[in-house]
Amino acid sequence: MKNEKDKIRRHLMLKQSTFEDHLTQISQKNFDRILDSTDNCSMITIKGDASDIIKQLHDKLKSLPTRTNQDIVMKIGHNSDAWECLDILNQILTIIQQSDPQANITWEYSQDRTLDRDKLSLRVLIAEPKIR
């Protein structure tokens, strides 16, 4: 699946280079860590209001093969009230934990002024464990 990983890496680099999405050095290192350490991974990218993001994430996670002990890096961009976003973050983490209770989740949450008010962006990179 190297080709798929290369597509994901190019997508992340394009987003970073156009300033559409600012990845901090910490989150960039985590995305790179997963891309460098796995044979297969999945990328979920969603933009919209909270209810749309939560529903779409739930549906997309259900469509993926069931795995355990996955490494997951997640970045949430927001342009709304911080307390409201923390509630949404909690819901998103709960959905991920329900799909894989043993997942190792690294997340970043930051303001993105390119989004319309009360809209969110979500990027989730999921590494499937290497088969030994």
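For the structure, see preceding data.
What counts as what
Residues numbered from 1 in each chain as written. Predicted model: local features only at pLDDT ≥ 70, side-chain atom pairs only at ≥ 80, totals over all residues. Heavy atoms only, no water. Helix = DSSP H or I, 4+ residues; strand = E, 2+ residues; numbered from the N terminus. Buried < 20%, exposed > 50% of the residue type's maximum accessible area, 1.4 Å probe, protein only. Pairing = 2+ DSSP bridges. Axes fitted to C-alpha atoms, helices over the stretch in contact; angles between N-to-C directions. Contact = heavy atoms within 4.5 Å. 1 Å grid on protein atoms, 1.4 Å probe; cavity = no way out; pocket = protein on both sides within 12 Å on 5 of 7 lines; lining within 4 Å. Points joined across faces, edges and corners; volume = space filled by probe spheres on them. Nonpolar A, V, L, I, M, F, W, Y, C, P; charged D, E, K, R; others polar. Core = buried A, V, L, I, M, F, W, Y, C linked by side-chain atoms within 4.5 Å. Salt bridge = Lys/Arg side-chain N within 4 Å of Asp/Glu carboxyl O.

(A) The arrangement of unusual backbone geometry in detail. The backbone phi angle of Asn69 is positive, close to 60°, even though this residue is not glycine. Along the polypeptide, Asn69 turns up in the loop between α3 (50–63) and β2 (71–78). Non-glycine residue Asp118 carries a positive phi angle of around 65°. With respect to the helices, strands and loops of the structure, Asp118 is situated in the loop between β3 (104–111) and β4 (120–127). For Asp118, a relative accessible area of 39% translates into the label partly exposed.

(B) Geometry of the sheet that holds β2. Strand order across the open sheet formed by four strands is β1-β4-β2-β3, with mixed pairing between neighbours. Either end of the sheet is taken by a strand with one partner, and the two such strands are β1 (41–48) and β3. Taken over all neighbouring pairs, the strand axes of this sheet differ in orientation by 10° on average, direction set aside. The pairing of β1 with β4 spans eight bridges and is antiparallel. Following the sheet pairing, Ser42 is matched in β4 by Ile126.

(C) Broad picture of the environment of Ala50. On the secondary structure map, Ala50 appears in helix α3. The sequence separation of Ala50 and Glu84 amounts to 34 residues, and the corresponding C-alpha distance is 9.6 Å. In this view, Ala50 contacts Ile88 and Leu120; residues no more than four positions away in its chain are not counted.

(D) Summary view of empty space enclosed by the protein. Summed over the entire model, instances satisfying the criterion amount to one cavity of 30 Å³ or more. Considered as a void within the structure, the largest cavity measures approximately 50 Å³ in volume. Every residue lining the largest cavity is listed: Ser42, Leu64, Pro65, Arg67, Gln70, Ile126 and Glu128. Taken together, the residues of the lining of the largest cavity break down into three nonpolar, two polar and two charged.

(E) Geometry of the layout of surface pockets. The computed volume of the largest pocket comes to approximately 210 Å³. Contributions of two or more residues to the lining of the largest pocket are made by α3 and α4 (82–99). Partitioned by chemical class, the residues of the lining of the largest pocket number five nonpolar, five polar and two charged.

(F) Representation of the nonpolar core. Ranked by size, the top nonpolar core spans 23 residues in total, and within it Leu57, Met74, Ile92, Ile96, Leu122 and Val124 carry the most contacts. Going through the elements one at a time, β1, α3, β2, α4 and β4 are the ones with two or more residues in this core. Counting residues per element, this core draws most heavily on α4, which supplies seven residues. In this structure Leu122 touches Ile44, Thr45, Ile46, Ile53, Leu57, Met74, Lys75, Ile76 and Ile92, once residues within four positions along its chain are discounted. Core analysis: the second largest hydrophobic core is formed by nine residues, Phe31, Ile34, Leu35 and Val73 among them.

(G) How the structure looks around the pattern of salt bridges. Scanning all chains against the criterion turns up two salt bridges. Notably, a salt bridge pairs Asp71 with Arg33, separated by 3.7 Å at the nearest N-O pair. Note that Asp71 is positioned in strand β2 and Arg33 in helix α2 (residues 25–37), a separation of 38 residues in sequence. You can call Arg33 partly exposed: its relative accessible area is 31%. A salt bridge links Asp59 to Lys55, with the shortest nitrogen-to-oxygen separation between them at 2.8 Å. Highlighted residues: Asp59 and Lys55, both in helix α3, separated by four residues, approximately one helical turn.

In short, geometric facts, not functional conclusions.
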